[in-house]
Amino acid sequence: EAQVTQNPRYLITVTGKKLTVTCSQNMNHEYMSWYRQDPGLGLRQIYYSMNVEVTDKGDVPEGYKVSRKEKRNFPLILESPSPNQTSLYFCASSPGQPPYEQYFGPGTRLTVT
Amino acid sequence: DAKTTQPTSMDCAEGRAANLPCNHSTISGNEYVYWYRQIHSQGPQYIIHGLKNNETNEMASLIITEDRKSSTLILPHATLRDTAVYYCIAVKTSYDKVIFGPGTSLSVIP
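Residues numbered from 1 in each chain as written. Chains lettered and ligands numbered in written order. Predicted model: local features only at pLDDT ≥ 70, side-chain atom pairs only at ≥ 80, totals over all residues. Heavy atoms only, no water.

1. Focus on the overall build of chain A
From N to C terminus, chain A includes zero helices and 11 strands. Over its C-alpha trace chain A gives a radius of gyration of 13 Å, about what one expects of a compact globule, namely 13 Å for 113 residues. In terms of overall dimensions, chain A has a C-alpha envelope of 40 × 30 × 25 Å along the principal axes. Classification of the 113 residues of chain A by burial places 50% in the buried group. Restricting the contact set of chain A to residue pairs at least 6 apart, pairs at least 24 apart contribute 53%. Across chain A, 12 positive and 10 negative side-chain charges occur, with their mean positions spaced 7 Å apart. (Helix = DSSP H or I, 4+ residues; strand = E, 2+ residues; numbered from the N terminus. Rg over C-alpha atoms; globule rule 2.2 N^0.38 Å. Buried < 20%, exposed > 50% of the residue type's maximum accessible area, 1.4 Å probe, protein only. Contact = heavy atoms within 4.5 Å. Lys, Arg positive; Asp, Glu negative; His and termini not counted. Charge placed at Lys NZ, Arg CZ, Asp CG, Glu CD.)

In C-alpha cells, the structure reads:
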C-alpha cells in the first residue's frame, strides 16, 4: 500500500533531550516536507526537500534540523527540544512539483515538558 | 507566495451542496490553487487542484474565477463525513515554501 509513515505517533519528552521523528514513503517521491500544526494556526511548513541531499527552509525552521540521505526517508531532528515545540507534526511527500499533490502521513503528537 | 483567505467556519445541511469560498487576489500566473481537507487531527487529504479552468473529480468541483482572484470548492451532496477543516492554498509550479492558512471549518448538519 502506498503510504507515508511516521514514527513515533506519540512522544512525551523533556526539555533539551534530543529526539528524531522519522518519516518514510514507499512511493519513490522526490519531494518531502515537514509541517507543524498548532491550534488556530493551520499547518506551518518547517523544512522541505526537493530530492536527496537538497533541502530548504519553510516558514518556521528555527529549532529543527532535517536530512535527506535516501529518497524514501526524511527525518526531523530536534537537537534541544523546548516546550514551544509541543505540537502535532505531519510529514508529506509528492512525486514532484505542482501539479502533483502532497500525500500526508498520520501525524506525530509531540509533548515537551 | 500568494496568501489565501477563507471564512473561519461554515455550516451545511446534509444532502445539500457545500460551497466553500477562497480569496487569492494576489495569486500569480504560475501558482495553482489546491484544496485539502483535514478530518479531526488526521493527516490532510488532497481534494482537487486547478490553474485556470474549472475542474471536477469524484470528490468535488473547483470553480476558479476568470481573473483567478478567487475560487469556490463545491461538495455536491454533503454528508456527515464531509465535516472537516478545508484548506485552500496557492502553490507555485517551482519548488518553494507551501503556506497553509487556518482553513474553513465545515460542519455538515443532519
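Structure's up, so let's keep going.
2. Notes on the interface of chain B and chain A
Listed as interface residues are 23 residues of chain B and, on the opposing side, 27 residues of chain A. When the two sides are added together, the surface that chain B and chain A hide from each other amounts to roughly 2000 Å², 56% of it contributed by carbon and sulfur. Sorting the residues of chain B by area buried against chain A places B:Y95, B:K97 and B:F100 first, and these three jointly supply 33% of that buried surface. The interface formed by chain B and chain A holds one salt bridge in total. Across the pair A:D59 and B:K97 runs a salt bridge, and its minimum N-O distance is 3.4 Å. (Buried area = accessible area lost by both parts, 1.4 Å probe. Salt bridge = Lys/Arg side-chain N within 4 Å of Asp/Glu carboxyl O.)

3. Some details on the packing of aromatic side chains
A full pass over the atoms with the stated rule returns 12 aromatic pairs over all chains. Their ring planes at 25° and their centres at 6.0 Å tell us that A:Y31 and A:Y48 sit as a pair that is stacked. Taken together, the residues A:Y31 in strand β4 (residues 31–38) and A:Y48 in strand β5 (residues 42–51) connect sequence positions 17 residues apart. There is no split in this pair, since A:Y31 and A:Y48 are both buried. Both rings, one in A:F104 and one in B:F100, keep their centres 6.2 Å apart while their planes meet at 85°; by these two values the pair is edge-to-face. Note that A:F104 is positioned in strand β10 (residues 103–104) and B:F100 in the loop between β8 (84–92) and β9 (104–109), a pairing that runs across two chains. On the accessibility criterion, B:F100 (4% relative accessible area) is buried. (Phe/Tyr/Trp six-rings, centres within 6.5 Å; stacked < 30°, edge-to-face > 60°.)

4. Digging into the pattern of salt bridges
Residues and elements named next belong to chain A. Scanning the model with the defined rule gives six salt bridges over all chains in all. Where R36 meets D38, a salt bridge forms, and the shortest distance between an N and an O atom there is 2.9 Å. Residues participating in the shared-partner salt-bridge network are R36, D38 and R44.

5. Comments concerning the sheet that holds strand β1 (residues 4–7) of chain A
If you walk across this open sheet you meet the four strands as β1-β3-β8-β7 (chain A), and the pairing is antiparallel. The sheet terminates laterally at β1 and β7 (65–66) of chain A, the two strands that pair on one side only. (Pairing = 2+ DSSP bridges.)

6. Digging into the sheet that holds β9(B)
Residue and element names in this part refer to chain B. Read from one edge of the open sheet, five strands run β1-β9-β8-β3-β4, paired in mixed fashion. Either end of the sheet is taken by a strand with one partner, and the two such strands are β1 (9–13) and β4 (45–50). With strand direction ignored, the average angle separating the axes of adjacent strands in the sheet is 25°. In the sheet, strand β3 (residues 31–38) pairs with β4 via five bridges, with the strands oriented antiparallel. When the bridges of β4 are listed, Y36 appears paired with Y46. (Axes fitted to C-alpha atoms, helices over the stretch in contact; angles between N-to-C directions.)

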